[in-house]
Amino acid sequence: MGIRVGIPRCLLFYQYGAIWEKFLGELGAEVLVSGDTTRQIMDAGGELDEVCLPVKVAFGHVHELADKVDYLFLPRMISVAEGQYTCPKIIGMSDLLRTNMAGLPAIIDVDVNLRQKKRNLYKAINEIGKIFNKGPLASFYAWHKAKQNQRKVTVAALAGRRVALIGHPYIIHDRQISMDVIKRLHKLNFNVFTPEMIASRDAEQAAKAIGKRIFWSYSHHMAGAALAYMKPGKLVDGIIFMTSFSCGPDAITAEIVSQHAHSNGLPYMLLTVDEHTAEAGFVTRIEAFTDMLNRRCALC
Amino acid sequence: MLITYPHMGTLAIVLKALFIGLGRPVLNPPPITKRTMELGTKYSPETVCLPFKVTLGNFIEALEQGADTLVTCGGVGPCRLGYYGEVQKGILEQLGYKFEMIVIEPDIVDVIKQLRKVAYQRSLREIYHAFSVAGAKMNALDTIEQNLTVLRPYETRLADGLWQQAVQAIDEAESISEIHNIVEDTVFQIGRNQCSDHKPLRIGLVGEIYVMLEPFVNQDLVRVLGTMGVEVHKTMYLSDYVRGHLLRKREYLDKYEELFALAKPYLGHYVGGHGLKSIGHTIAMSQENYDGIIQVYPFTCMPEVIAKNILPKVSKDMNIPVLSLVYDEQSGEAGVMTRLEAFIDLLKSRKRFGKVKGL
């Protein structure tokens, strides 16, 4: 049997999970991905103080995997683009785990730092390959094959109103954390547009309207995508920004998006979730916002 | 052009000297009060960190009094501080204020470029002089404060008096020699009043720089601990920040490397702000036989939240008690006092009965 490697279904898994899975598989590992987030998983991270909900959820997922695998795959994603960082909590994730959880398997937390040099990615790939006794060439080949596996987002245009749902993928696509907001909006007959439906080049272009380049990659993309949706031509009828309580970058990004939505005359709502968010209040807010959009659009 | 800047401990004195030296009128923002905090909180995003809110309050109060040029700092992340300027600018513009904002990025070339804009008719010699005086004031204030640490636990009143006197004198001083004299005088006074057989509790203060340096925000923590008979050693002063981050002096970079090496088993990478240093200092100070560590930071501060979740393990391994104090606009005095008293009691009994592992 090969080496068993667990990937927790949390945080950056929602962006790179498909590639990681394939990559590790190509390297000869037996990959185990934790299941969907449940209430228990969410509660397991409660021992941490003040961190955001996705980090607590990540704890729960690691808990799930801990005794089932030989390695945990949690690369330390420091930076994925020149001059930018990811998020301090993502950078410190593996250390938070090691100091707060007993009985952990070895964590593969190779530094991925492209802040200064893009070539550093190959350094990281090579280092991971070594763990599986693969030479650089075999590792690069595995990466090359895995990259083809990148998830393509398809945008299906349906009848109905359109709303942009801006938020980190690990919030809006985790059905437990987001309280299944996408499905709820669909039920209310709204088409939902998320940041990953905007190509990074377009987001980059739109983000130029912001005075200073945002130095968190994912927030940069989110803000850029939100601005792209706001462009003249009315791609969407309103914007919902979804964040988890105490998310650092979002406190800033949401404010920027809100300022731009305000000056573009577009309805904007900030939805904050944490582990105490109650369903009834959440649903009321979504319904009130969509009702308002319906009425507003009927008038114009 | 009427320049203003946010408060952070003694920062206003230093910047005032700098801009006056550059030939610009300045307006010191009104001292931080409850109103500053309320104004800032009202117009800030809900979960942004406290320094954002207080500095926004500073700007609003200064703009109300007629300032039209705001000076603030930038940054390259991942700490949010680097993005304050941009967002605050947007908020203040939506509030209808007319002003210009000068954001100084932590890069010596950019600092010079920005300041050339402010001081466009000044000769290099004058600019150099302005910087020297401001730098001298900053160093003087920090030197005096450092010297006062040892006096405060048993001569609180005297220490306060000397500090106020020195601050006022330095603020008014115009030449470098005058500043040197004040420092010499004050340090002499401090030395004369010191008693050598006194062995108070020694606490190291780690954490986020703004909360550490601004007494209004940290509810005068250093003084309060002083009245409780505790010697408090701040791990950061304004001059450290300027020399380490702006001038990138060798000795500070070496010191950082040292702290990073200490923190490495617990935190493997820089996480922005001072998170890594908080851990490194805690380990270093436990080796220097400090009695305890207090970590201070604003609520939701990303780097310090990581440090806070790692510190319990460090505390256990190094056998040194660590207390984390988190501040926001809701912080009440009584709650903090209770926690401080409990912590000091714990340290005292540890000192008396020896450092039992796990106590």
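Cut-offs and rules
- In this convention, every chain numbers its residues from 1, walking through the sequence in written order.
- Starting at A for chains and at 1 for ligands, labels are handed out in the order in which the entities are written.
- In view of the model being predicted, local features appear only for residues whose pLDDT reaches at least 70, and side-chain atom pairs are presented and counted only at 80 or more, with totals across whole chains, interfaces and linings using the full set of residues.
- Side-chain metrics rest on all non-hydrogen atoms present in the structure, leaving aside hydrogens and water.
- Helix and strand assignments come from DSSP, with helices taken as H or I runs of at least 4 residues and strands as E runs of at least 2, each series counted from the N terminus.
- C-alpha atoms define the radius of gyration in this analysis, and the globule rule sets the expected value at 2.2 Å times the number of residues to the power 0.38.
- Residue exposure (1.4 Å probe, protein chains only): buried if accessible area is under 20% of the type maximum, exposed if over 50%, otherwise partly exposed.
- Calculation of accessible area relied on Shrake-Rupley with a 1.4 Å probe; when residues are assessed, cover is drawn exclusively from the protein chains displayed.
- Only heavy atoms enter the contact rule, under which two residues are in contact if any of them lie within 4.5 Å.
- The criterion for an aromatic pair is that two Phe, Tyr or Trp rings (for Trp, the six-membered ring) have centres within 6.5 Å, with stacked assigned to planes under 30 degrees apart, edge-to-face to planes over 60 apart and tilted to the rest.
- In our convention, an over-ring charge means Lys NZ or Arg CZ found within 6 Å of a ring centre and within 35 degrees of that ring's normal.
- Boundaries between domains were set according to an automatic or database domain assignment.
- Within this document, salt bridges are pairs made up of a side-chain nitrogen of Lys or Arg and a carboxyl oxygen of Asp or Glu, the two lying within 4 Å of each other.
- Polar contact is the term for a pair of N or O atoms within 3.5 Å; when the atoms are in protein, one must be able to donate a hydrogen and the other to accept it, and sequence-neighboring residues count only if both atoms are side-chain atoms.
- Think of it as three bins: nonpolar holds Ala, Val, Leu, Ile, Met, Phe, Trp, Tyr, Cys and Pro, charged holds Asp, Glu, Lys and Arg, and polar takes everything else, Gly as well.
- Criterion for a disulfide: a pair of cysteine sulfur atoms within 2.5 Å.
- Axes, fitted as lines to C-alpha atoms, cover a helix only where it is in contact. Angles between the N-to-C directions of the axes lie from 0 to 180 degrees.
- We call two directions roughly parallel when the angle between them is under 35 degrees, roughly antiparallel when it is over 145, roughly perpendicular when it lies between 65 and 115, and oblique otherwise.
- Handedness of a crossing follows from how the near helix is turned relative to the far one, being left-handed for an anticlockwise turn of less than a right angle and right-handed for a clockwise one.

Under an unreviewed UniProt entry, chain B has the name DUF2229 domain-containing protein and belongs to bioreactor metagenome.

The name an unreviewed UniProt entry assigns to chain A is DUF2229 domain-containing protein, from the organism bioreactor metagenome.

The secondary structure content of chain A amounts to 13 helices and 10 strands. Taking 19 Å as the expected radius of gyration for a compact globule of 300 residues, we find that chain A reaches 20 Å, a close match to that expectation. Once the C-alpha set of chain A is aligned to its principal axes, its extents read approximately 65 × 40 × 35 Å. Counting all 300 residues of chain A, 56% fall into the buried class. A total of about 13,200 Å² of accessible surface is found on chain A, and carbon and sulfur atoms cover 51% of it.

For the rest of this paragraph, the subject is the overall build of chain B. Broken down by element type, chain B carries 15 helices and 7 strands. Relative to the 2.2 N^0.38 estimate, which gives 21 Å for 359 residues, the radius of gyration of chain B is 21 Å and therefore close to what a compact globule would have. Across the 359 residues in chain B, those meeting the buried criterion constitute 55%. A separation threshold of at least 6 residues defines the contact pool for chain B, and within that pool the share at least 24 residues apart is 73%. Just so you have it, chain B exposes about 15,800 Å², and 53% of that area is on carbon and sulfur atoms.

Let us now look at the packing of aromatic side chains. Per the stated rule, a full pass over the model turns up 12 aromatic pairs over all chains. Judged by centre distance (5.8 Å) and plane angle (40 degrees), the ring pair of Tyr16(A) and Trp20(A) falls under tilted. Taken as a pair, Tyr16(A) and Trp20(A) lie in helix H1 (residues 13-26) at a separation of 4 residues, close to a single helical turn. Here a set of aromatic residues connected by ring pairs shows up, and it is made of Tyr16(A), Trp20(A) and Phe73(A). For the cation-ring pair, Arg202(B) lies above Tyr290(B), with the distance from its terminal atom to the ring centre recorded as 4.2 Å.

All right, on to the domain arrangement of chain B then. Residue and element names in this part refer to chain B. Segmenting chain B into domains produces domain 1 (3-120), domain 2 (135-151 + 154-198) and domain 3 (200-359). A C-alpha centroid distance of 28 Å is found between domain 1 and domain 2. In this structure, Lys-16 and Asp-171 form a salt bridge, with 3.4 Å as the shortest nitrogen-oxygen distance. There are 1 residue pair in polar contact (both at pLDDT 80 or more) connecting domain 1 and domain 2. Looking at the side of domain 1 that touches domain 2, its residues break down into 3 nonpolar, 1 polar and 1 charged.

Turning our eyes to something else, we now look at the state of the cysteines. Joining two cysteines, a disulfide is a covalent bond between their sulfur atoms. Throughout the structure, instances matching the rule amount to 0 disulfides over all chains. Free cysteine: Cys10(A), not disulfide-bonded; nearest cysteine sulfur from Cys52(A) at 11 Å. Classification of Cys10(A) by relative accessible area gives buried; the value is 4%. We note that Cys301(B) lacks a disulfide partner, and the nearest cysteine sulfur, in Cys79(B), lies 6.1 Å from it. On the basis of relative accessibility, which here comes to 7%, the residue Cys301(B) falls in the buried class.

All names here are of chain B. Where helix H3 (residues 50-64) meets helix H4 (residues 84-94), the axes come as close as 11 Å, and the angle between the chain directions of the two elements is 45 degrees. Looking at the two axes, H3 sits oblique to H4. Crossing handedness for the pair H3 and H4: right-handed. Where H3 approaches H4, its residues Pro-51, Phe-52, Thr-55, Leu-56, Phe-59, Ile-60 and Leu-63 are matched on the opposing element by Tyr-84, Val-87, Gln-88, Ile-91 and Leu-92. Across the contact of H3 with H4, the residue classes break down as 10 nonpolar, 2 polar and no charged.

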